[in-house]
Amino acid sequence: MDANAVLLVVVVITALSFDFTNGFHDTANAMATSIATGALRPKIAVGLSAALNFVGAFLSLKVAATIATGIVETKAITLTVVFAGLIGGLAWNLLTWYFGIPSSSSHALIGGVVGATLIAAGTSAVKGQELVSHVLIPAVLAPLAAIVVATLGTYLVYVITRKVPDDVRGRGFKLGQIGSASLVSLAHGTNDAQKTMGIITLALIASNVITQDAGVPTWVIIASATSISLGTYLGGWRVIRTLGKGLTEIETPQGFAAESSSAAVIFSSSHFGFPLSTTQVCAGSVIGAGLGKRLAEVRWSVAARMGVAWLVTLPAAAFVGALAWAGADRIGGDLGVLTVFGVAALLSGALYLVSRRAPVNAGNVNDEWTGPVGMARERSA
Amino acid sequence: MSDWLDLAALWRVLVASLVAGAGLAAAFSLALVGFSSGRVIGRVGAGLCLVVVAAGVVLGLYVMLRK
């Protein structure tokens, strides 16, 4: 594996940056419905989610030693490929954040690595069947499974509590929703912070900073946990708005059913070894919560926009990953990697500045839905 | 087909998700019905439902942490 001090530092910084975007992109998964129903005030919700993500990062000790395991040939994964893959994942995370689209950070990272691998080592280094069976098919099944569970859950919740006084029902489901959303946050911390820990540990091993059997250094665990929880606390308000207000108007019982469904599907898939994207599960649950309540409306145009983004995730992140690898390779050496890193940082900063023209924040995240985030016709958010 | 899709695992995920997701949500709802009934038997039933929900949460945490 190619390794030197500059490349190592750049990979570590890029990995922590990806971890940060992973956090703020995915705050919505756990907290969008709680914010939309008023079960938690926006700042409290993101604070709670950040704390649970931080704790979650320390709870699971099994760290994936590699990324995109089984999808690309291990020998093809160099540090430059990892760097380019991270840039691909980062770019997709930021672009979907700008447009307020819930999208899987894991799939973005896999797409970035696949793209960089394709251009670095050729098509033979990517296992097509594994890509389909581990990423594409689960991407279709995740929302469907969540829709089924959340639809049934929402229906049952409304039927069973139809004679319960509104105040008892509202209070009870708010408490239940906080509990189930907390579970989703904790699960997110145990799963997603591990990806960054794995990448940094891999880079440290490749650079002979630590030995193969040294385990994850404590500073890597703390840095990854801090990065993802900091991102979570800043709150990806744009994605929260789409998930909490855009897909359907959520009432407290629906929010409770959606979060329960998400937690159940995530835990079950983890237990039975059928990995499903947390983001896709949570989005499916919100749609199911809309379908399960009589006369509730699901905004299918918003759902379709999200579905298209999911279809494009892999090729788009792969394209950027390939471009990043080609750029670094063409310029060559440390300068190549530093140039690509600098360009990526500049573009990210530019996207942030553009997003300030129509900011979404804790103050307006629950405003009446006027259209997709990041689109011209959207006014209030 | 099995090379592309682990149907056995998928079925398990679906059944477990339905039991845990919809089932526990229903149990929590029954607890609210029991608490709002104003009768002792209702409150006892509500307590039992909450015990079932708590057991489900503990099981979920156990599953998550033993990975």
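Residues numbered from 1 in each chain as written. Chains lettered and ligands numbered in written order. Predicted model: local features only at pLDDT ≥ 70, side-chain atom pairs only at ≥ 80, totals over all residues. Heavy atoms only, no water.

An unreviewed UniProt entry lists chain A under the name Phosphate transporter, with Acrocarpospora corrugata as the source organism. UniProt's Sequence similarities (unreviewed entry) comment on chain A is quoted here verbatim: "Belongs to the inorganic phosphate transporter (PiT) (TC 2.A.20) family." (UniProt positions renumbered as here; feature names shortened; annotations may be inferred.)

Engineer: Tell me about the overall build of chain A, and please be specific about residues and values.
Structural biologist: Secondary structure assignment for chain A yields twelve helices and zero strands. In chain A, the succession of α and β elements from N to C terminus is α-α-α-α-α-α-α-α-α-α-α-α. A globule of 381 residues ought to have a C-alpha radius of gyration of about 21 Å, and chain A, at 20 Å, matches this closely. For chain A, the spread of C-alpha atoms along the principal axes amounts to about 70 × 45 × 35 Å. In chain A, buried positions account for 59% of the 381 residues. Look at the contacts in chain A between residues 6 or more apart in sequence, and 84% of them connect residues 24 or more apart. (Helix = DSSP H or I, 4+ residues; strand = E, 2+ residues; numbered from the N terminus. Rg over C-alpha atoms; globule rule 2.2 N^0.38 Å. Buried < 20%, exposed > 50% of the residue type's maximum accessible area, 1.4 Å probe, protein only. Contact = heavy atoms within 4.5 Å.)

Engineer: Give a detailed account of the packing of helix H9 (residues 252-271) of chain A against helix H1 (residues 7-37) of chain B, specifying residues and quantitative values.
Structural biologist: The N-to-C vectors of H9(A) and H1(B) enclose an angle of 150°; their axes lie 8 Å apart at closest approach. When you trace H9(A) past H1(B), the crossing you get is right-handed. Touching Phe256(A), Ser260(A), Ser261(A), Ala264(A), Val265(A), Ser268(A) and Ser269(A) of H9(A) are Val13(B), Ala16(B), Ser17(B), Ala20(B), Gly21(B), Ala25(B) and Phe28(B), all from H1(B). (Axes fitted to C-alpha atoms, helices over the stretch in contact; angles between N-to-C directions. Left-handed = near helix turned anticlockwise from the far one by under 90°.)

Engineer: Account for the nonpolar core, with residues named and values stated.
Structural biologist: Of all hydrophobic cores here, the largest spans 106 residues; its most connected members are Val11(A), Ile240(A), Leu247(A) and Phe274(A). Of all the elements, helix H1 (residues 5-37) of chain A adds the most residues to this core, at 13 residues. Apart from the residues lying within four places of it in its own chain, the contact partners of Phe274(A) are Leu141(A), Ser269(A), Leu5(B), Asp6(B), Ala9(B), Leu10(B) and Val13(B). Listed in part, the nine residues of the second largest apolar core include Ala257(A), Ala25(B), Phe28(B) and Leu32(B). (Core = buried A, V, L, I, M, F, W, Y, C linked by side-chain atoms within 4.5 Å.)

Engineer: Give me the UniProt feature "transmembrane region" (unreviewed entry) in chain B: which residues, what numbers.
Structural biologist: All names here are of chain B. In this numbering, the UniProt entry assigns the feature "transmembrane region" (unreviewed entry) to residues 12-35 and 41-65. Across residues 12-35, helical content stands at 100% and strand content at 0%; the span's end C-alpha atoms are separated by 33 Å. The distance from the first to the last C-alpha atom of residues 41-65 is 36 Å, and the span holds 100% helix and 0% strand.

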